[in-house]
Amino acid sequence: MSRLVTIYGGSGFLGRYIARRMAKLGWRVRVACRRPNEALFVRTYGAVGQVEPILCNIRDEASVRAAMAGADAVVNCVGTFDSRGRNNFSAVQAEAPGRIARLAREAGIGSLVHISALGADAASESAYARSKAAGEAAVAEHFPGAMILRPSVIFGPEDQLFNRFAAMARFTLVMPAVGAATRFQPVYVDDVARAAVKGVLGEACGIFELGGPDICTMREIIARTLAVTHRRRLIVSMPFWAAGILAALLDFGSMLTGGLVANRILTRDQVRMLRHDNVVTPGARGLADLGIEPTPMEAVLPGYLWRFRPSGQYDEITASARGLRKQS
């Protein structure tokens with residue numbers, strides 16, 4: 001019988017790429033998620049019955065244990081940007097990783113891959129970064145041989161970075177840039193998935209910091225988005241004090257609704273994170289140490305941002321037609 005991997009959060013942005021790669025390698029894949037009825041698309045990644053979404057609540061020990069029953073490897077991709085509610089930073093990114101690692105060790109699981117984040121720091125002013133560091137510490141305590149991946153911001157067709165800026169550019173003439181000078185090292189989602197597969201197969205363990213071949217500021221990320229989508233907009237740097245006020249108002253508005261309307265625009269914690277660069281530490285092990293050549297942004301962005309162009313997929317043809325009319 002083929003081997004089985006359980007991927008917590010396997011229907012999410014990164015998890016689905018890991019699930020697809022594991023299925024192609026012939027593994028059975030169990031996708032543990034909160035809403036399996038919304039994750040039925042993962043079944044198409046393999047043969048009939050090879051990839052199955054199942055219900056799992058990572059805050060519940062019995063649910064986590066049942067999801068990994070009989071598995072040979074476990075991957076934890078679950079993360080959140082919600083600082084409030086039951087699925088907050090502490091519950092999802094600090095406590096859950098430790099629970100998964102402890103139960104995996106007790107079950108005799110062969111390998112464990114945990115997805116953390118670049119910038120995880122127990123001393124950070126950001127609650128998000130502190131929870132990521134706490135999750136790493138819990139995984140290291142309960143499963144010392146685990147692979148821990150720390151990616152910078154991840155880009156790809158389903159990302160919430162380039163897609164968000166591209167969507168914003170359709171409706172505004174001004175693009176505000178919070179932390180305009182803050183540096184990032186965007187990494188392609190499938191490169192992170194390839195790294196995770198190395199851990200599942202037991203080919204690597206320990207901490208790896210993952211970044212792409214390009215280091216760019218937030219202003220440059222927005223500018224690149226505009227260039228790919230063929231739009232001209234004014235990029236305005238927003239001072240951190242102004243961003244802090246805006247984020248506080250948005251957080252307060254969310255609080256007034258009792259959390260029913262989440263603040264997905266800008267939070268105070270995100271403002272704190274944007275004060276610090278998000279690039280690979282010099283000397284840290286990364287994609288090169290895993291034998292993976294990082295994918296440049298220009299090779300991928302046009303493939304999914306074209307839909308935000310003024311004429312969509314016909315934008316290049318429209319521009320070419322204008323040139324022909326001018327010549328005639």
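Scroll up for the structure.
Source: prediction; values computed, not measured.

## Observations regarding the overall build of the chain
Piece 1. Looking only at helices and strands, the chain has 11 helices and 13 strands in total.
Piece 2. Once the C-alpha set of the chain is aligned to its principal axes, its extents read approximately 70 × 45 × 40 Å.
Piece 3. For the chain, the proportion of its 328 residues judged to be buried stands at 49%.
Piece 4. Considering only intrachain contacts with a sequence separation of at least 6, the fraction spanning at least 24 residues in the chain is 75%.
Piece 5. Of the accessible surface of the chain, which amounts to about 15,800 Å², a share of 54% is contributed by carbon and sulfur atoms.

## Re the side chain of His114
Piece 1. Tracing the backbone shows His114 in strand β5 (residues 111-115).
Piece 2. For His114, a relative accessible area of 3% puts it in the buried group.
Piece 3. A polar contact is formed between the side chain of His114 and the side chain of Asn76, at a distance of 3.1 Å.
Piece 4. Every residue in contact with His114, bar those within four places of it in the chain, is listed here: Asn76, Pro97, Gly135, Glu136, Val139, Met147, Ile148 and Leu149.

## What about the sheet that holds strand β11 (residues 206-210)?
Piece 1. Taken together, the 7 strands give an open sheet; going across it, the order is β3-β2-β1-β4-β5-β6-β11, and neighbouring strands pair in parallel fashion. The sheet terminates laterally at β3 (51-55) and β11, the two strands that pair on one side only. Adjacent strand axes in the sheet meet at a mean angle of 20° when their direction is disregarded.
Piece 2. Where helix α4 (residues 127-142) meets the sheet, it contacts β5, β6 (147-151) and β11, and its direction lies at approximately 170° from that of β5.

## As for the pattern of salt bridges
Piece 1. Per the counting criterion, the structure on display carries 14 salt bridges.
Piece 2. A salt bridge links Arg21 to Asp190; the shortest N-O distance between them is 2.8 Å. Here the residue Arg21 occupies a position in helix α1 (residues 15-24), and Asp190 occupies one in helix α6 (residues 189-200), the gap between them amounting to 169 residues.
Piece 3. The salt bridge involving Arg43 is made with Glu52; its shortest N-O contact spans 3.3 Å.
Piece 4. The class of Arg43 is partly exposed, set by a relative accessible area of 42%.
Piece 5. Relative accessible area serves as the criterion here: at 28%, Glu52 is assigned to the partly exposed category.
Piece 6. Through salt bridges with shared partners, a single ionic network connects Glu61, Arg65, Arg102 and Glu106.

## Overview of the packing of helix α3 (residues 89-106) against α4
Piece 1. At a closest axis distance of 8 Å, the pairing of α3 and α4 adopts a crossing angle of 10°. As the angle between them shows, α3 and α4 are arranged roughly parallel. Across the interface between the two elements, Phe89, Gln93, Ala94, Pro97, Gly98, Ala101, Arg102 and Arg105 from α3 touch Ala127, Tyr128, Ser131, Lys132, Ala134, Gly135, Ala138, Val139 and His142 from α4.

## With respect to a positive patch on the surface
Piece 1. Residues Arg34, Arg35, Arg59 and Arg86 make up a contiguous surface patch of positive charge.
Piece 2. Structurally, Arg86 is set in the loop between β4 (73-76) and α3.
Piece 3. Note on Arg86: relative accessible area 66%, which makes it exposed.

Criteria and cut-off values
Positions within a chain are numbered from 1, following the residues in the order the chain's sequence is written. Local features in this predicted model are restricted to residues of pLDDT 70 or higher, and side-chain atom pairs are both shown and tallied only at a pLDDT of 80 or more, whereas totals for entire chains, interfaces and linings draw on every residue. Excluded from the side-chain calculation are hydrogens and water; included are all heavy atoms of the structure. Secondary structure counts use DSSP, requiring at least four H or I residues in a row for a helix and at least two E residues in a row for a strand, with both numbered from the N terminus. Only protein chains enter the calculation, and the probe is 1.4 Å; a residue is then buried if its accessible area is under 20% of its type maximum, exposed if over 50%, and partly exposed in between. The contact criterion used throughout is that any non-hydrogen atoms of two residues lie within 4.5 Å. Computed with a 1.4 Å probe, the accessible areas rest on the Shrake-Rupley method; for each residue, only the protein chains presented here act as cover. Pairs of N or O atoms within 3.5 Å make up the polar contacts considered here, provided that, within protein, one atom can donate a hydrogen while the other can accept it, and that residues adjacent in sequence are counted only when both atoms are side-chain atoms. Pairing between strands requires that DSSP locate at least two bridges from one strand to the other. Lines fitted to C-alpha atoms define the axes, with helix axes restricted to the stretch in contact, and inter-axis angles between N-to-C directions lie between 0 and 180 degrees. What makes a salt bridge here is a side-chain nitrogen of Lys or Arg within 4 Å of a carboxyl oxygen of Asp or Glu, nothing more. The labels follow the angle: roughly parallel below 35 degrees, roughly antiparallel above 145, roughly perpendicular from 65 to 115, and oblique for the rest. Residues enter patches when they are more than 30% accessible in relative terms and free of salt bridges; like-charged ones are connected within 9 Å and nonpolar ones (Val, Leu, Ile, Met, Phe, Trp, Tyr) within 5 Å. We count Lys and Arg on the positive side and Asp and Glu on the negative side, and we leave His and both chain ends out. Lys charges are placed at NZ, Arg charges at CZ, Asp charges at CG and Glu charges at CD.

None of this, on its own, says anything about what the molecule does.
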